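A structural walkthrough
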Amino acid sequence: MKTSNFERKALAIPYALFMVFFVIFPLLVILYYGFTDGEGHVSLENFLNFFRSAKTVGTLIYSLVIAVMVTAICLLIAYPVAYILAKGEYARKHAFLMVFVLPMWINFTLRITAMKEILTVLEGNLAYHPFMNTIICMVYDFLPFMIMPLFNSLTKLDNSMLEASADLGANKWQTIFKVVIPLTIPGIVSGITMVFLPAMTNYVVLDMVYNSTYIMGSLIGSYFNAYDWNNGSLISAILLMFIGLFTIITNHLIAGEEGGRRR
Amino acid sequence: MEKDTIIELKDVKKSYDGNTTVIENINLEIKRGEFVTLLGPSGCGKTTILRMIGGFDTPTSGQITLNGRDISPLPPYERPINTVFQKYALFPHLNVYDNIAFGLKMKKVSKAETEKKVKEALEIVDLAGFEKRDIQTLSGGQQQRIAIARAIVNEPQVLLLDEPLSALDYKMRKEMQLELKNMHKKLGITFIFVTHDQEEALTMSDKVVVMADGAIQQVGTPEDIYNEPANVFVADFIGESNIFNGTMAAFHQARFADALFECVDDFEKGTKIDAVIRPEDVEIVEKGKGQLTGTVTSADFKGTFYVTFVQCGDFEMEVHTTKHLSAGAEVGLFVEPDNIHIIPYDNTINHYVGELGAFDAEKGLFVRFADVEIYVDYKKVYPEAKVSDGKLVDKSGNEIVTEGVNVVVYFNPEDGDMSDNKDEGIVTGQIVSFYYIGDHYSYTIRSKSENDYVIDDDSLWNQDDIVSVIIPKDSIKIQFMK
């Protein structure tokens, strides 16, 4: 017994090492740089400066606006698609799913370049609508990441739930709003987490569509390019806090949903 | 007063993708306020019928009427029918109250009214005070009750129950059976219950519909079904039974198991029959005093009686008796005439519509039927024909055109045989059912194209075995179609 227990634990060692070197250690480095000044003294100066500067706060708000819009549009497009893919009655479901997920296999700069060409044909000059083009390209880029978790969640949803709802007098729309959406909230949440953070940071898309406004990712990039490890790390830490906060809130919401709604 | 019909199925058929038929032409009337059970082995189509009544499946053809109105095109939410699902299908995101109130909310019933009705429904299922509980905290039996409450709170005209007790343990199941029956009396609405458990069906129902292979085998009261099974399938499926092949020897007299029995059913002398005798209807008497004499091979105590097997020559009889007999004892067996149930033999067994092909001087006459294509001796079909110049001619020398002539081909189950070797027989299929008939087993083998072959065999094969059917050429009989 003893030996077998030991052997089992030993199997975790590579993963533990991986975690330490590639997750915990980098996080500590980020926190260290974020909350120290250039000489290694602990300081909140970077943190306070971030919120004092109109430029950085503006970037944060601009990033949030983009991320919220991209996530919302992705969700609105992905949910019906995932629903039809998961619950529709037709053969070759997975082939259709593949069509939506296939772009994930293609290099993302190539995809954005292709989208740029399409937009250029439609708009004439990309420079006229940098904001809209950013949203379009990001939605196109992140859509599969929203569809996959929703599809999984909807596939797991037992058809008897839909039948029970119809049996009790709910029409198709009522069933979707009263049963399907509440029961797929975990999928919705993981879809949002998959899209929201990349949408706040992926400044390559902005560069490619000639959107010169900074988002959080561009800030980090520019600080690091200037060898300002402290400010760059601080912004990463702030993003981390955002995501942490978001996860805590949504987990709370899910627990509330699954624990039965109170009257 | 004769109760009026609430639900009627008229010529209902259901097939998937146009080829797999699950329901074959069903006609069924259900009276208002009845407790009807659809009973049958899994895959017999009983759940499909329930789902069509509930609106979750639509018939491929035929009509389902409710109070005389065709409801087959209506979606489930427009039918005054509610369902208790097999796995309850309670909504995990809602508590007990909201689950039960779901249907009422959809109908926009006022809040006060909803609260009152939910409370009543919870009282009916004996779970008063459970409003605020989460679904996950309930036991299987409690979830079952909530599922029933959620359905009956809508005051449906018909309540459908899809094997609702199958997930419960034995004791709980027995309790719920009684409770459901009481609930049915109290509510006075029509219950349509689906189960594969014959005991459950017999205990609970006013009317039992026995199904097999997508077709109704018998409809009747539990007593009718048990005492007067319409065919061998029902006799075998409901309760224990001894089944024997035989013939009518005279008026009110049947011959089977190498003995003569007085009986009460009227059939013409010479009719082929199946005789069904329930084990509890066989009396053990002194050797020589009954219709049969045999040796006890085993006796197992089952609480209130002994399951005793008696070997009478080639035939085996199962007897349920309170007397304890030890193996080896010589006894007589006696069966009262009205305890022998005679079923006329199904004359469609192993009868196929076929077609003749061209005559070949070397191989013989080509016949095609069911899955089979063979050459047979032409004398089977044209006893007076002759071969002349490689052609088949009649008495006056005119050539007989055989191609395209429709015939009926048949063979006796006892002439057929089965083999594991695929190449040995003329068709392969799966054993879909079998019965023990006194001294042998009767197997039904179904081929891929859904043709059934009935073969008698002494040895025991397994359900679902893939076997090859051997039909000796000599035993095939061919008649012209009338």
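The structure presented is a predicted model; accordingly, all values stated were derived computationally and were not measured.

**Some points on the pairing of strand 20 (residues 340-344) of chain B**
Residue and element names in this part refer to chain B. For strand 20, a buried count of four out of five residues is recorded, marking the element as mostly surrounded by other parts of the structure. As paired strands, strand 14 (residues 272-277) and strand 20 are joined by five bridges and run antiparallel to one another. By the bridge assignment, Val276 is partnered in strand 20 with His341.

**A look at the domain arrangement of chain B**
Partitioning chain B into structural domains gives domain 1 (5-227), domain 2 (241-344) and domain 3 (351-480). For domain 1 of chain B and domain 2 of chain B, the distance between their C-alpha centroids amounts to 40 Å.

**A look at the environment of Tyr352 of chain B**
Residues and elements named next belong to chain B. When you line up the elements, Tyr352 lands in strand 21 (residues 351-360). For Tyr352 and Arg368, which are 16 residues apart along the polypeptide, the C-alpha to C-alpha distance reads 9.8 Å. If near-sequence neighbours (up to four positions away) are discounted, Tyr352 is found in contact with Phe369, Ala370, Val407, Val408, Val409, Phe411, Asp452 and Tyr453. A polar side-chain atom of Tyr352 sits 3.3 Å from a polar atom in the side chain of Asn350. A distance of 2.6 Å separates the side chain of Tyr352 from the backbone oxygen of Asp452, its partner in a polar contact.

**Details of the layout of surface pockets**
Here the second largest pocket defines a volume of roughly 890 Å³. The wall of the second largest pocket is formed by 27 residues, among which Glu89, Leu162, Glu163 and Lys172 of chain A together with Phe56 of chain B lie closest to the centre. Taken together, the elements giving at least two residues each to the lining of the second largest pocket come down to helix 4 (54-87), helix 8 (159-167) and helix 9 (172-183) of chain A. Per-element accounting of the lining of the second largest pocket gives the leading share, four residues, to helix 8 of chain A. Here the residues of the lining of the second largest pocket sort into 12 nonpolar, seven polar and eight charged.

**Here's the deal with the pairing of strand 9 (residues 207-212) of chain B**
Residues and elements named next belong to chain B. Across the six residues that make up strand 9, a large majority, six, are buried. Going residue by residue along strand 9, you find Lys207, Val209 and Met211 tucked away on one face and Val208, Val210 and Ala212 tucked away on the opposite face as well. Pairing geometry for strand 3 (residues 35-39) and strand 9, over four bridges, is parallel. When the bridges of strand 9 are listed, Leu39 appears paired with Val210. When strand 9 meets strand 10 (residues 215-220), the two strands line up antiparallel, connected through five bridges. In the sheet register, Met211 faces strand 10, and the bridge partner there is Ile216. In this structure, the hairpin formed by strand 9 and strand 10 is closed by a connection of two residues, where Asp213 is found at a positive phi of approximately 55 degrees.

**Here we look at the sheet that holds strand 16 (residues 292-301) of chain B**
Residue and element names in this part refer to chain B. If you trace the five strands from one edge of the open sheet to the other, you get 15-19-16-17-18, paired in antiparallel fashion. The open sheet is flanked by strand 15 (282-285) and strand 18 (315-321), the only strands paired with a single partner. Ignoring strand direction, the axes of neighbouring strands in this sheet form an average angle of 45 degrees. Both strand 16 and strand 17 (residues 306-312) contribute to a ladder of six bridges, which runs antiparallel. Opposite Ser298, over in strand 17, you have Phe309 as the bridge partner.

**Overview of the interface of chain B and chain A**
Each partner contributes to the interface: chain B provides 27 residues, whereas chain A provides 24 residues. In total, about 2,300 Å² of surface goes out of reach between chain B and chain A, with carbon and sulfur atoms giving 59% of it. Considering only the surface of chain B that becomes buried against chain A, Tyr77, His93 and Met106 of chain B emerge as the three largest contributors, covering 31% of it. Joining chain B to chain A, the criterion identifies one salt bridge. For Arg51 of chain B, the salt bridge identified is with Glu163 of chain A, shortest N-O distance 2.7 Å. At the surface where chain B touches chain A, the tally comes to five residue pairs in polar contact (both at pLDDT 80 or more).

**A few points about the pattern of salt bridges**
Inspection of the entire model under this criterion finds 19 salt bridges over all chains. When the shortest N-O distance is used, the salt bridge between Asp452 of chain B and Arg446 of chain B registers 2.7 Å. Assessed through its relative accessible area of 28%, Asp452 of chain B is described here as partly exposed. Here the salt bridges do not stand alone but share partners, grouping Glu163 of chain A together with Arg51 and Asp57 of chain B into one network.

**What to know about the side chain of His93 of chain B**
The topology assignment puts His93 of chain B in the loop between strand 6 (81-84) and helix 2 (96-106). In this structure the side chain of His93 of chain B is engaged in a polar contact, spanning 2.9 Å, whose partner is the backbone oxygen of Lys178 of chain A.

**Here we look at the packing of helix 5 (residues 93-101) of chain A against helix 7 (residues 130-156) of chain A**
Residues and elements named next belong to chain A. Remark: helix 5 packs on helix 7, axes separated minimally by 9 Å, with the N-to-C direction vectors making an angle of 150 degrees. As far as their axial angle goes, helix 7 and helix 5 are roughly antiparallel. Here His94, Leu97, Phe100 and Val101 of helix 5 come into contact with helix 7, specifically with Pro144, Ile147, Met148 and Phe151. Considering only residue class, the contact of helix 5 with helix 7 consists of seven nonpolar, one polar and no charged.

**Re helix 7 of chain A**
Under the 1.5 Å per step criterion, the end-to-end length of helix 7 of chain A is 39 Å for 27 residues, consistent within 8% with the ideal 39 Å. Roughly 45 degrees is the biggest bend found in helix 7 of chain A, and it falls at Phe142 of chain A, with proline Pro144 of chain A one to four residues downstream.

**Section: the packing of helix 7 of chain A against helix 10 (residues 185-201) of chain A**
Residues and elements named next belong to chain A. Contact geometry of helix 7 with helix 10 gives a least axis separation of 8 Å together with a crossing angle of 160 degrees. It follows that helix 7 is roughly antiparallel to helix 10 by the angle criterion. For the pair helix 7 and helix 10, the crossing hand works out as right-handed. Taking contact as the criterion, the partners of Met138, Phe142, Phe145, Met146, Pro149, Leu150 and Ser153 in helix 7 are, on helix 10, Gly187, Ile188, Ser190, Gly191, Ile192, Met194, Val195, Pro198 and Ala199. Residue classes in the contact of helix 7 with helix 10 are distributed as 12 nonpolar, four polar and no charged.

About the cut-offs
Residues numbered from 1 in each chain as written. Chains lettered and ligands numbered in written order. Predicted model: local features only at pLDDT ≥ 70, side-chain atom pairs only at ≥ 80, totals over all residues. Heavy atoms only, no water. Buried < 20%, exposed > 50% of the residue type's maximum accessible area, 1.4 Å probe, protein only. Helix = DSSP H or I, 4+ residues; strand = E, 2+ residues; numbered from the N terminus. Pairing = 2+ DSSP bridges. Domains from an automatic or database assignment. Contact = heavy atoms within 4.5 Å. Polar contact = N/O pair within 3.5 Å; in protein donor to acceptor, adjacent residues only side chain to side chain. 1 Å grid on protein atoms, 1.4 Å probe; cavity = no way out; pocket = protein on both sides within 12 Å on 5 of 7 lines; lining within 4 Å. Points joined across faces, edges and corners; volume = space filled by probe spheres on them. Nonpolar A, V, L, I, M, F, W, Y, C, P; charged D, E, K, R; others polar. Axes fitted to C-alpha atoms, helices over the stretch in contact; angles between N-to-C directions. Buried area = accessible area lost by both parts, 1.4 Å probe. Salt bridge = Lys/Arg side-chain N within 4 Å of Asp/Glu carboxyl O. Parallel < 35°, antiparallel > 145°, perpendicular 65-115°, else oblique. Expected span 1.5 Å × (residues − 1). Bend = angle between axes of the 7 residues up to and from the residue. Left-handed = near helix turned anticlockwise from the far one by under 90°.

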